[in-house]
Amino acid sequence: MLGVSCATTKIEPVQDEPKIEQQEEKKESVQKISEISMIFAGDIMAHKPNYAIGKFARIWWDIAPLVKTGSLSFANMEAPVAENLPWSTYPEFNMHQSYPEAAINAGFNVFSLANNHTNDQYLDGIKATRVYFANRKGVWACGLKEKSGASLTYQLIEKDGWKVLFVAFTEILNRNDYASYIDFYPAKRRKALKESLSKLAAENPHDVFVISVHSSEPEYVHEIADERRSWYMELVSECGADVIWANHPHIVRPWEQVTLKETGRTAFIMYGNGNTISAQRYSPTFSNPEKARDDTGDGVIIRLTFSKTNDEKPVIKKSEHFFITTMISTNGQYVIRLLDDDLIHSLERAELTTWSAYLKARRRILETQTGVSK
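Residues numbered from 1 in each chain as written. Predicted model: local features only at pLDDT ≥ 70, side-chain atom pairs only at ≥ 80, totals over all residues. Heavy atoms only, no water.

**Let's talk about the overall build of the chain**
For step 1, the next point in the chain: Of the regular secondary structure elements, the chain holds 10 helices and 16 strands.
For step 2, the next point in the chain: In terms of overall dimensions, the chain has C-alpha extents of about 100 × 55 × 40 Å along its principal axes.
For step 3, the next point in the chain: Looking at the 374 residues of the chain, the share that counts as buried comes to 54%.
For step 4, the next point in the chain: Counting contacts in the chain only where the partners sit at least 6 residues apart, residues at least 24 apart contribute 73% of the total.
For step 5, the next point in the chain: Within the structure as shown, the chain displays about 17700 Å² of accessible surface, and the carbon and sulfur contribution to it stands at 50%.
For step 6, the next point in the chain: Of the charged side chains in the chain, 44 are positive and 48 negative, and the gap between their average positions amounts to 3 Å. (Helix = DSSP H or I, 4+ residues; strand = E, 2+ residues; numbered from the N terminus. Buried < 20%, exposed > 50% of the residue type's maximum accessible area, 1.4 Å probe, protein only. Contact = heavy atoms within 4.5 Å. Areas by Shrake-Rupley, 256 points an atom, 1.4 Å probe, with all protein chains shown as cover. Lys, Arg positive; Asp, Glu negative; His and termini not counted. Charge placed at Lys NZ, Arg CZ, Asp CG, Glu CD.)

So this is what it looks like as structure tokens:
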């Protein structure tokens, strides 16, 4: 830029250059903020009433829009997926590919395959399940080994400019057959597990470390043992976990955000997200919604939003919860519904007062059990 002096008519440059440099430095110092949202559901089960009718897309219609808000959406696949074996219900599950495919089409794209039912169909089931998920594009899964005794499996997922390290292991199996093909770590192997997890974290630079735990705990129990809390805190403090996503009790349990005193780092722990879909609540107790078995018909979906800048470690910006419930339609189809005001009001308008009163009570029970009571 040039200026004219009226006194001398001499043209002299104005010293603006340092200001331009300062502006450029200021622009460089502005940090770019990036965010990612992740969805965490619970157990995807396939009892006979779940698969008998078919039309599996109908199971997911109501919650698919929510699931698809996650760049990564996690669920536990609680059964082998072996196309060459017959469908099978409890106690030795097996599903065909069309069942998990419906969940994938609904938006789920990250799966834990390590749980107490993983070897229900022995080695054939383990191998078929691993191959199906390994060959499914746009999907990531952990928990099954290609070779007996191989190292802990993991995925380093690159999505939307983020790197998410994912590991899934189970502490319990219904039988020990072919356990060497599963990421199976009972309590006596915790030291070896922590060493493997710490090594993975160190060798794979990442933004967020998610650990799926299929826990060796009593089913249908709401209380969380002090030992369980301590164990998950070890995974956070010693192994660098940012998210602990636990399942197995088949009921909704509390969740919490924790902060390490030494470093100020935060992490998120889910102690059990319940059943996302199952037929365990095959006969709702409309007259007594507090009956323990009725807990198995509900679940929770947690959405975590992480934020990061160029030179700072990601932080949890927001956590949200969405209660879900399984309803039985008039033709016997088990379908998932968001357990919200819209559902209850729609049932009331349709004069389905038995269901509306029952689900209104179930939502109050869930809020109380998880500590989010309004």
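**Considerations on the sheet that holds strand β7 (residues 155-159)**
For step 1, the next point in the chain: Across the sheet, which stays open at both edges, the six strands sit in the order β7-β8-β9-β10-β12-β11 with mixed pairing between neighbours. In the strand order of this sheet, the two ends are held by β7 and β11 (255-259), each with one partner. Neighbour-to-neighbour, the strand axes of this sheet turn through a mean angle of 20°, independent of strand direction.
For step 2, the next point in the chain: Direction of pairing for strand β10 (residues 243-247) relative to strand β12 (residues 266-270): parallel, over a ladder of three bridges. Within β12, the residue paired with Val243 across the bridge is Phe268.
For step 3, the next point in the chain: On top of the sheet, helix α8 (residues 226-237) reaches β8 (162-170), β9 (208-214), β10, β11 and β12; it is set at about 140° to β10, its chief contact. (Pairing = 2+ DSSP bridges. Axes fitted to C-alpha atoms, helices over the stretch in contact; angles between N-to-C directions.)

**Comments concerning the nonpolar core**
For step 1, the next point in the chain: Core analysis: the largest hydrophobic core is formed by 47 residues, its most contacted members being Ile44, Trp60, Tyr99, Phe111 and Phe133.
For step 2, the next point in the chain: Mapped onto this core, the elements with two or more residues apiece are β3 (34-44), α3 (57-60), α4 (64-67), β4 (72-77), α5 (98-105), α6 (122-135) and β16 (334-338).
For step 3, the next point in the chain: Listed in part, the 36 residues of the second largest apolar core include Phe40, Val252, Leu304 and Leu359. (Core = buried A, V, L, I, M, F, W, Y, C linked by side-chain atoms within 4.5 Å.)

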